[in-house]
Amino acid sequence: MPRFTYSEVVDQAARALFARHKVSVSDRYGKCIAPGYVVDEGRDGQVRVSHRTPETDLLDDNRMSDDDMAAERREMVDAYAQTLEAAGWTVARRGPHARKPYLLASRRP
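> What am I meant to see in the overall build of the chain here?
Regarding its fold elements, the chain presents two helices and six strands. Start at the N end of the chain and walk to the C end: the helices and strands fall as α-β-β-β-β-α-β-β. Against the globule reference of 13 Å for 109 residues, the chain gives a C-alpha radius of gyration of 14 Å, in line with a compact fold. In terms of its C-alpha atoms, the chain occupies a principal-axis envelope of roughly 50 × 35 × 25 Å. The burial tally for the chain puts 30% of its 109 residues in the buried class. In the chain, of all internal contacts separated by at least 6 residues, the share reaching a separation of at least 24 is 42%.

> Quick question: what am I supposed to make of a nonpolar patch on the surface here?
Taken together, the side chains of Val23, Val25 and Ile33 make up a nonpolar region of the molecular surface, amounting to roughly 230 Å² of accessible area. Classification of Val23 by relative accessible area gives partly exposed; the value is 39%.

> Would you mind going over the pattern of salt bridges with me for this structure?
Enumeration over the complete set of coordinates arrives at five salt bridges. Asp11 is the salt-bridge partner of Arg15, the closest N and O atoms lying 2.8 Å from each other. Taken as a pair, Arg15 and Asp11 lie in helix 1 (residues 8-18) at a separation of four residues, close to a single helical turn. On the basis of relative accessibility, which here comes to 60%, the residue Arg15 falls in the exposed class.

> Quick question: what am I supposed to make of the sheet that holds strand 6 (residues 102-107) here?
Strand pairing in a sheet relies on backbone hydrogen bonds, with the paired strands running either antiparallel or parallel. Ordered by their spatial adjacency, four strands build an open sheet running 3-4-6-5, and the pairing between neighbours is antiparallel. Strands with a single pairing partner mark the edges of an open sheet, and in this sheet they are strand 3 (36-41) and strand 5 (89-94). Direction aside, neighbouring strands of the sheet carry axes that sit 25° apart on average. Two strands pair when backbone bridges link them, and strand 3 and strand 4 (residues 47-52) are joined in this way by six bridges, in the antiparallel orientation. Note that in strand 4 the partner of Val38 across the bridge is Ser50. The sheet strands contacting helix 1 are strand 3, strand 4, strand 5 and strand 6, and the helix crosses strand 3 at an angle near 165°.

> Teacher, can you tell me more about the packing of aromatic side chains here?
The geometry of an aromatic ring pair is captured by two quantities: the separation of the ring centres and the angle between the planes. For the structure shown, the criterion picks out one aromatic pair. A centroid spacing of 5.9 Å and a plane angle of 75° characterise the contact between Tyr37 and Tyr80, whose relative ring orientation is edge-to-face. Taken together, the residues Tyr37 in strand 3 and Tyr80 in helix 2 (residues 66-86) connect sequence positions 43 residues apart. For the pair formed by Tyr37 and Tyr80, the shared burial category is buried. Its end group placed over the ring of Tyr102, Arg48 keeps NZ or CZ at 3.9 Å from the ring centre.

> Where do I start with helix 2 in this structure?
One turn of an α-helix holds 3.6 residues; hence residues three or four places apart share an orientation. Under the 1.5 Å per step criterion, the end-to-end length of helix 2 is 30 Å for 21 residues, consistent within 8% with the ideal 30 Å. Among the residues making up helix 2, those that are buried are Met69, Ala70, Arg73, Val77, Tyr80, Ala81, Thr83 and Leu84. Along the axis of helix 2, the buried positions cluster into a sector of 165°, meaning they face one direction only. Of the residues in helix 2, the exposed ones pointing more than 90 degrees away from the buried face are Glu75 and Ala86. On its buried face, helix 2 is in contact with helix 1, strand 3, strand 4, strand 5 and strand 6. Phi for Gly88, located one or two positions after helix 2, is positive at around 95°.

Definitions and cut-offs
- Residues numbered from 1 in each chain as written.
- Predicted model: local features only at pLDDT ≥ 70, side-chain atom pairs only at ≥ 80, totals over all residues.
- Heavy atoms only, no water.
- Helix = DSSP H or I, 4+ residues; strand = E, 2+ residues; numbered from the N terminus.
- Rg over C-alpha atoms; globule rule 2.2 N^0.38 Å.
- Buried < 20%, exposed > 50% of the residue type's maximum accessible area, 1.4 Å probe, protein only.
- Contact = heavy atoms within 4.5 Å.
- Patch = residues over 30% accessible without salt bridge, like charges linked within 9 Å, V, L, I, M, F, W, Y side chains within 5 Å.
- Areas by Shrake-Rupley, 256 points an atom, 1.4 Å probe, with all protein chains shown as cover.
- Salt bridge = Lys/Arg side-chain N within 4 Å of Asp/Glu carboxyl O.
- Pairing = 2+ DSSP bridges.
- Axes fitted to C-alpha atoms, helices over the stretch in contact; angles between N-to-C directions.
- Phe/Tyr/Trp six-rings, centres within 6.5 Å; stacked < 30°, edge-to-face > 60°.
- Lys NZ or Arg CZ within 6 Å of the ring centre and 35° of its normal.
- Expected span 1.5 Å × (residues − 1).
- Arc of directions from axis to C-beta.

Structure follows, in C-alpha cells:
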C-alpha cells in the first residue's frame with residue numbers, strides 16, 4: 001500500500017487547481033480510471049503538475065489517436081498553467097510540444 005505524506009505546497013497547488021479542474025482518479029491499485037490533473041512534490045518547494053488519462057483500450061475502434069491524446073494533454077497542462085499563474089504561482093512549462101508535457105510551479109514570494 002502506498003505511503004501518504006502530507007506536503008503543504010502540494011496541497012496548496014491542488015486546491016488552486018481543484019477550483020477549476022478535475023483531479024485524476026485512480027482505483028485502489030493505482031490505475032487511472034478518470035482523467036485529470038496530478039500534483040507531485042518536486043525539489044526546492046516546487047510542484048510537478050501533469051495531466052493523466054486512463055489507458056487506451058486498443059480493441060476499441062473509436063479510441064482516440066495517440067496524436068489526439070497528446071494534444072489533449074498539452075491543452076490541459078496549458079489550462080493548469082493559466083490557473084496556477086492566476087492564483088499567484090510561478091510556472092515553468094516543460095516539454096510543451098512533447099507527448100507528455102508537465103509544469104514545474106512554485107509560490108511567488
